[in-house]
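Below are the chains, spelled out letter by letter.
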Amino acid sequence: MAIVEAKALIKNYVAGDITVQAIRGVDFVIEPGSFVSFVGPSGSGKSTLLNMIGCLDPPSSGFLAVAGQDVATLHGKEAAHFRGEHIGFIFQDFNLIPVLTVFENIEYPLLMVQNWPAGKRKARVLEMLAAVGMQDQGDKYPGQISGGQKQRVAVARALVANPKLVLADEPTANLDRETAMRIIALMKQMRDEFGTTFVFSTHDPKVVKNAETVFFLEDGMLQKEGNRKGESHE
Amino acid sequence: MNNIVKLAFRNLKRYMRRTLLTSMLITLGVVAVLLFISVSGSFKGMMIGQITDSMLGHMQIHAKGYLSSIENLPLNRNLTAKQVDKARQLLDENKSVEAYSMRIKLGAMFSNFSETTNVRLNAVDPQQEMATVPGLVSRIIKGEKEGLLARGEILIPELIAKGMNVNVGDTIVLVATNREGSVNGQPFVVRGLLEGITGPGGRDGVIHLDDARSLLRIEETEISEIAVRLKDMGRLDAVYEAVNGQLSAMKNKMDKPVFEVHTWRELTPFFNIARMIDVMTFFIKIMLVSIVLISIMNVMIMAVYERINEIGTIAAIGTTPGKILALFITEGFLLGLFGALIGVIVSLAGIAGMNAAHISFNFGRQEDLLLAPTIAAGDVVMVSVIVIVIAILGSLQPAFKASRMDPIAALRHV
Ligand SMILES: Nc1ncnc2c1ncn2[C@@H]1O[C@H](COP(=O)(O)OP(=O)(O)O)[C@@H](O)[C@H]1O
Ligand SMILES: [Mg+2]
């Protein structure tokens, strides 16, 4: 069964008299364990789409199921519970909590979103720290580590609660190319290790070629779809 | 819960300077209120204590209408023997009454054989009077205090002593007109000088009840005033209700009430001062509430505004609105708690310091009254609770705003 399924998905933003058609009816399916990228120029609707998948923004119309649940009508507290349960997030600006250490940032979802017992929590955080290669940095604060390291921590935080799906909206936009490649590689490695589905967006063609499935967005519509493993696009 | 407190604490620590400034403001408010309550309470207690313990008693019983003409000390408005017996019986039965004193109040001419002035006098039974107003002896500034006075002796107000140039041991003459209009004089030995206190009755002299009876040629028992002391002044209202209820039920032949009963509050203008202090305390508390409310709201609005991005992040990764609400309310609560805690500590230290410093002040003609401020645990708890509750209320709106934030909009915010 697909982890994400969208049919005739539409998102309009209405501001006063103006209606922006951000997503104009898209259909797609994302299989569990896949490594998927949405690619498109700025303003093409990547963030809008990922926000809908992430239950942060309800669709205007159409069908959208995530992890087997119709999420089109999820709101507020239910949406928060659903996100906490099933989805991990990686942000463009890393978005670590500055008052918490690296360890505590990774621990946050287990502590504040799910209610893991202390012993299990610690073991899991240590496991994730090691998985992203940050085992020596647990006591540091976000202000004391580099951007690439921050994004590693963010990857660990997104994965710590064992979500089925990790969404990353332009996770490499604030990183230099080399670091960006390492983060994408790390994400892929995590997919291999934990079987988690990764969906990320980017407008960087160099980054795209690491994706196994690529969806091209333009003006809120999908252009073509295909398994492009190993291919490169310019 | 623990984690919410931890996170809130960390965030407060992040903006240390602001946290300290806000806490200090709250602390300042708490200290101001507690010290004011303490000092004014001490002043009030002393003032009331002095007036009730050395002059008024806690409650007084008169014949109906006496109080309205008390300035004239009317002898024709005294309680009769029968009425006095009734009142006495009632007071003896009342378990809350510690003591009472029967007084005849009279005006007289006071002569030192070369000059004459007028004097207001309380004629009392020394035993009864000392039991009812134990502070009276402490107002004897010259002369023997033991036993108050004996027959043939008089305690004169120090102002008259000074003006008439009489001293302890001197003989003076009192001349009084009785109810029938006959004039009589009687010599007295000055037993002591009585320190005056502010307020009506504060400059009265004292003679023995039996002397007043012979001076005024009173055959039967006749009393102007019964001053009553209670075992517990805190039960004043309840006792007043009971005594007044029983006494005002007694009617004369014309079906008019015979007695009137008053508490000290109606007998001295100082009750108004005491009340004013209470009103001031109330307004100072309102100021404290405003300080706490405004400073906490200000800080929490800032805190939410600065952290919109963070709020978006934690909301996106699944923190429920309820938890976000709790997070910010906890921050406000902790601020209030710190402020109150430090405030209480500083205030208690301040109160202890004032007691150690033996600060004295003057009240009326009394000098060197020792300021002995105390604070009831109840007041400390009440002020702390007010501060903490207001701190929570003050963070409610900002916290609510944070919890209702749309994660996407919050994440996009720069
Ligand atoms: N909240 C919003 N209100 C109005 N228009 C919006 C809003 N969010 C996005 N849009 C518009 O929707 C379109 C797609 O935006 P977005 O999904 O952010 O694109 P991308 O992430 O690919 O750059 C753009 O035209 C953008 O201006
Ligand atoms: Mg975008």
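The present account deals with the structure reproduced in this document. Just so you know, the residues in each chain are numbered from 1, in the order the chain's sequence is written. Going through the entries in the order they are written, you letter the chains from A and number the ligands from 1. Only residues with pLDDT of 70 or above have their local features reported here, since the model is predicted, and side-chain atom pairs are shown and tallied only from 80 upward, although totals for entire chains, interfaces and linings are computed over all residues. By convention in this description, side-chain values take in all heavy atoms of the structure and omit both hydrogens and water.

### Focus: the layout of surface pockets
- Taken as a whole, the largest pocket spans an internal volume of roughly 690 Å³.
- Lining residues are defined by having an atom within 4 Å of a point belonging to a cavity or pocket. Those points lie on a 1 Å grid over the protein atoms alone, cavities being sets where a 1.4 Å probe fits but cannot get out and pockets being open sets with protein on both sides within 12 Å along at least five of seven lines. Lining the largest pocket are 29 residues, and of these Ser47, Asn51, Gln92 and Asp169 of chain A together with Arg412 of chain B lie nearest its centre.
- Helix numbers and strand numbers start at the N terminus; a helix is a DSSP run of H or I with at least 4 residues, a strand a run of E with at least 2. Of all the elements in the fold, those that place two or more residues in the lining of the largest pocket are helix H1 (46–53), strand S6 (87–90) and strand S7 (165–169) of chain A together with helix H13 (407–412) of chain B.
- For the lining of the largest pocket, the element with the highest residue contribution is H1 of chain A, accounting for five residues.
- Under the scheme applied here, ten amino acids are nonpolar (Ala, Val, Leu, Ile, Met, Phe, Trp, Tyr, Cys and Pro), four are charged (Asp, Glu, Lys and Arg), and all others, including Gly, are polar. Split into classes, the residues belonging to the lining of the largest pocket amount to 13 nonpolar, eleven polar and five charged.
- Grid points are joined across faces, edges and corners, and a volume is the space filled by probe spheres set on the points. Computed from the structure, the second largest pocket encloses a volume of approximately 330 Å³.
- Lining the second largest pocket are 21 residues, and of these His75, Gly76 and Arg83 of chain A together with Asp406 and Pro407 of chain B sit closest to its centre.
- Those elements giving two or more residues to the lining of the second largest pocket turn out to be helix H2 (76–86) of chain A together with helix H11 (321–357) and helix H12 (377–403) of chain B.
- Counting residues per element, the lining of the second largest pocket draws most heavily on H2 of chain A, which supplies four residues.
- A per-class count over the lining of the second largest pocket returns 13 nonpolar, four polar and four charged.

### Digging into the side chain of Ser40 of chain B
Residues and elements named next belong to chain B.
- Mapped onto the elements, Ser40 comes out in helix H2 (residues 16–56).
- Three labels apply to residues, based on accessible area from a 1.4 Å probe with only protein chains included: buried if under 20% of the type maximum, exposed if over 50%, partly exposed otherwise in between. Residue class for Ser40 comes out buried when judged on its relative accessible area of 9%.
- Residue contacts follow a heavy-atom distance rule, with two residues in contact if any of their heavy atoms lie within 4.5 Å. Residue contacts for Ser40: discarding those within four places in its chain leaves Leu35, Ile277 and Thr281.

### Observations concerning the packing of aromatic side chains
- Ring pairs shown here join Phe, Tyr and Trp side chains whose ring centres sit within 6.5 Å, with only the six-membered ring taken for Trp; geometry is labelled stacked below 30 degrees between planes, edge-to-face above 60, and tilted in between. Applying the stated criterion to the full structure yields nine aromatic pairs over all chains.
- Ring centres 5.9 Å apart and planes at 50° place the aromatic pair Phe35 of chain A and Phe198 of chain A in the tilted group. Of this pair, Phe35 of chain A sits in strand S3 (residues 35–39) while Phe198 of chain A sits in strand S8 (residues 197–202), and the two are 163 residues apart along the sequence. Phe198 of chain A shares its class with Phe35 of chain A; the two are buried.
- Taking 5.5 Å as the distance between ring centres and 85° as the angle between the ring planes, the aromatic pair formed by Trp264 of chain B and Phe271 of chain B counts as edge-to-face.
- Relative accessible area serves as the criterion here: at 6%, Trp264 of chain B is assigned to the buried category.
- A residue is classified by how much of its surface remains accessible, and Phe271 of chain B, at 19% relative accessible area, is buried.
- Pairwise contacts between aromatic rings join Phe28, Phe38 and Phe215 of chain A into one cluster.
- We count a charge as sitting over a ring when the NZ of a lysine or the CZ of an arginine lies within 6 Å of the ring centre and within 35 degrees of the ring normal. Over the ring of Trp116 of chain A we find Lys120 of chain A, and its NZ or CZ is 4.7 Å from the ring centre.
- Between the NZ or CZ atom of Arg18 of chain B and the centre of the ring of Tyr15 of chain B, over which it lies, the distance is 4.4 Å.

### Considering the sheet that holds strand S2 (residues 18–30) of chain A
Residues and elements named next belong to chain A.
- The strand order across the open sheet built from four strands is S2-S1-S4-S5, with neighbouring strands paired in antiparallel fashion. Two strands close off the open sheet at either side, each with one partner strand: S2 and strand S5 (69–70).
- Two strands pair under a simple rule: DSSP has to find at least two bridges between them. By the bridge criterion, ten bridges tie strand S1 (residues 4–15) to S2 in an arrangement that is antiparallel. When the sheet's bridge partners are listed, Ile10 is paired in S2 with Arg24.

### Looking at the site of ligand 1
- Ligand 1 sits among Tyr13, Val20, Ala22, Pro41, Ser42, Gly43, Ser44, Gly45, Lys46, Ser47 and Thr48 of chain A together with Arg412 of chain B.
- Residues are labelled near a given molecule or strand when at least one of their non-hydrogen atoms is within 4 Å of it. Looking at what sits near ligand 1, you find residues from chains A and B.
- For ligand 1, whose free accessible area comes to 560 Å², the fraction covered by protein is 66%.
- Those elements that provide at least two residues to the shell around ligand 1 are S2 and H1 of chain A.
- The element contributing the most residues to the shell around ligand 1 is H1 of chain A, with three residues.
- For the shell around ligand 1, the per-class residue count stands at four nonpolar, six polar and two charged. Surface accessibility follows the Shrake-Rupley procedure with a 1.4 Å probe radius. Residue values consider only the protein chains on display as shielding.

### Topic: the packing of helix H9 (residues 270–306) of chain B against H12 of chain B
Residues and elements named next belong to chain B.
- Every angle, taken between N-to-C directions, lies between 0 and 180 degrees, and every axis is a line fitted to C-alpha atoms, over only the stretch in contact when it is a helix. Where H9 contacts H12, the axes come no closer than 8 Å and their chain directions differ by 30°. Judged by the angle between their axes, H9 and H12 are roughly parallel. Crossing handedness for the pair H9 and H12: right-handed. Between H9 and H12, the contacting residues are Lys285, Leu288, Val289, Val292, Leu293, Ile296, Met297, Met300, Ile301 and Val304 on the first element and Met382, Val383, Ile386, Val387, Ile390, Ala391, Leu393, Gly394, Ser395, Gln397, Pro398 and Ala402 on the second. Oblique is the label for any angle not covered by the other classes, which are roughly parallel (under 35 degrees), roughly antiparallel (over 145) and roughly perpendicular (65 to 115). Definitions for this section: a left-handed crossing has its near helix turned counterclockwise from the far helix by less than a right angle. A right-handed crossing has that turn clockwise.

### Notes on the pattern of salt bridges
- Salt bridge, as used here: a side-chain nitrogen of Lys or Arg that lies within 4 Å of a carboxyl oxygen of Asp or Glu. What the rule picks out here adds up to 26 salt bridges over all chains.
- Among the charged side chains, a salt-bridge network with shared partners connects Arg103, Lys105, Glu129 and Glu225 of chain B.

### A word on the nonpolar core
- Take the buried residues of types Ala, Val, Leu, Ile, Met, Phe, Trp, Tyr and Cys, join any two whose side-chain atoms come within 4.5 Å, and each joined set is a nonpolar core. Ranked by internal contacts, the top residues of the largest apolar core, which has 80 residues, are Phe28, Ile30, Phe38, Leu49 and Tyr108 of chain A together with Phe328 of chain B.
- In terms of residues, this core owes the most to one element, H11 of chain B, which gives nine residues.
- Among residues more than four places away in sequence, those in contact with Ile30 of chain A are Ala2, Ile3, Val4, Val36, Phe38, Thr197, Val199 and Phe215 of chain A.
- One finds Met102, Met164, Leu216 and Leu230 of chain B within the second-largest nonpolar core, a separate group that totals 60 residues.

### What about empty space enclosed by the protein?
- Enumeration over the complete set of coordinates arrives at five cavities of 30 Å³ or more.
- In this structure, the largest cavity spans a volume of roughly 100 Å³.
- Along its surface, the largest cavity is lined by Gly84, Glu85, His86, Ile87, Gly88, Phe89, Pro109, Arg157, Ala158, Ala161 and Pro163 of chain A together with Ile317 of chain B.
- Every element with two or more residues in the lining of the largest cavity is listed here: H2, S6 and helix H5 (147–159) of chain A.
- Of the residues assigned to the lining of the largest cavity, the class counts are seven nonpolar, three polar and two charged.

Keep in mind these numbers describe shape, not what the thing actually does.
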